[in-house]
Structures are given as C-alpha cells and as structure tokens.
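Residues per chain, in single letters:
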Amino acid sequence: EMDSSTIDLKLLSKKIYFSRIRIMDSHSFFGVILHDLKFVFNTSIDTFTTNGNTIFFNPYYLRDLSEYELDICILHILIHISLKHHLRYPNKLRDQLLHRACDIVVNSNLMSSLGKPNQEIRVEGKVLPHLTPSGREGIALTVEEVYSELQKTAQKSKQDSLAGNDSLDDDV
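This section reports on the structure supplied with the text. (Residues numbered from 1 in each chain as written. Predicted model: local features only at pLDDT ≥ 70, side-chain atom pairs only at ≥ 80, totals over all residues. Heavy atoms only, no water.)

Some thoughts on the overall build of the protein chain
Next, step 1: Scanning the protein chain for helices and strands turns up seven helices and five strands.
Next, step 2: For the protein chain, the α and β elements follow one another from N to C terminus as α-α-β-β-β-α-α-α-α-β-β-α.
Next, step 3: With respect to the three principal axes, the spread of C-alpha positions in the protein chain is 55 × 40 × 30 Å.
Next, step 4: The burial tally for the protein chain puts 38% of its 172 residues in the buried class.
Next, step 5: Look at the contacts in the protein chain between residues 6 or more apart in sequence, and 54% of them connect residues 24 or more apart.
Next, step 6: A total accessible area of about 10400 Å² is found for the protein chain, and carbon and sulfur atoms account for 52% of it.
Next, step 7: Computed over 19 positive and 23 negative side-chain charges, the separation of the two mean positions in the protein chain equals 6 Å. (Helix = DSSP H or I, 4+ residues; strand = E, 2+ residues; numbered from the N terminus. Buried < 20%, exposed > 50% of the residue type's maximum accessible area, 1.4 Å probe, protein only. Contact = heavy atoms within 4.5 Å. Areas by Shrake-Rupley, 256 points an atom, 1.4 Å probe, with all protein chains shown as cover. Lys, Arg positive; Asp, Glu negative; His and termini not counted. Charge placed at Lys NZ, Arg CZ, Asp CG, Glu CD.)

This is the structure we're talking about:
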C-alpha cells in the first residue's frame, strides 16, 4: 500500500501526456498552443499556474484530479495563455480580485469552448466561477469590466459590514 504522501512522478507524467493527447485530438486550437509548452512539477504552489511557456503543477494536487478535471485545468491555463493574461497582468497573483476577474473570463470562455455555454464546470466538487456579480457571463466582458464589477461589489460588502449589515452570502 502506498503512503498518501508518496508521489509517482512517472505516473503523473503519463497522466499529463494522455491529457495532452486528448486535448490535441479534440481542441485543435488549444493543441497548437499546448504543443510547445513544458510541464514542471512544483510543490511550492497550491494547484497550477503558468508563465506562458511552462505549466507548473503541484504533483499532490495533480495526483487527485480525474482525467476530466486535468483536461479542464490544462484547458483553463491554455485560455489564460491565449488571452495573454500572463503578459497583460503580470501581478495578477498578488491581486485576488484581478485573478478572479481573469478566471471568470477564462471559465466562461472554457464553457463556450466545450460547447456547454450554460453547463457549469466542476473541479474537485467546486463550480468554476464564470459569472460576474451582476450575473453576466464573463465571455461577454473584458477582464477590466469584470474587475470593475468585482471592486464595486467588494466595496459594497465592506460598507455593509461596517454598517452592520453583514450577511452569510457576502462570502459566496
């Protein structure tokens, strides 16, 4: 029996290899971007990230993903790359609202790319955020427009909590 802290990097490399094949086979546009990317295991990150040339995966996170979830994570990153988020917003990881705005646009594009514009996508049981606070799909807006909505909502939540109007769904 394998200890849960044991990681078989060879097995994970195979898992990535087969995901790449599936994506190249079913999404030729993303396959072109994927072709030149490197994959690197990195335990100092929680999940996955990219610098535009390399996709970094935490091997423990990767180990627990299903094939479908891995494909979704890689496609998610490929959309970030195709929209040049790593170049346009180099500090997005330091600004949570900006990161969320990018993700809303990416996830909405991902749903559309999969031919499931109204079907939510889940990874590890969590629905990937794709709607702005006003309920609009991220694909219809720029990151800046989504960011502006998120900022207004965050400011309103802050004002409401200062006024004592805090509610449970502020965190959703």
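Next comes the rest of the write-up.
Remarks on the nonpolar core
Next, step 1: One finds Phe57, Leu65, Ile74 and Leu78 to be the most contacted residues of the largest nonpolar core, which totals 29 residues.
Next, step 2: For this core, the elements supplying multiple residues, two or more each, are α1 (9-26), α2 (28-35), β3 (54-57), α3 (59-63), α4 (67-82) and α6 (96-113).
Next, step 3: Ranked by residues supplied to this core, first place goes to α4 with nine residues.
Next, step 4: Leaving out residues up to four positions away in the same chain, Leu65 has contacts with Lys15, Phe57, Leu70, Cys73, Val123 and Glu124.
Next, step 5: If you look at the next biggest cluster of nonpolar residues, it comprises 11 residues, including Cys102, Leu141, Val143 and Leu150. (Core = buried A, V, L, I, M, F, W, Y, C linked by side-chain atoms within 4.5 Å.)

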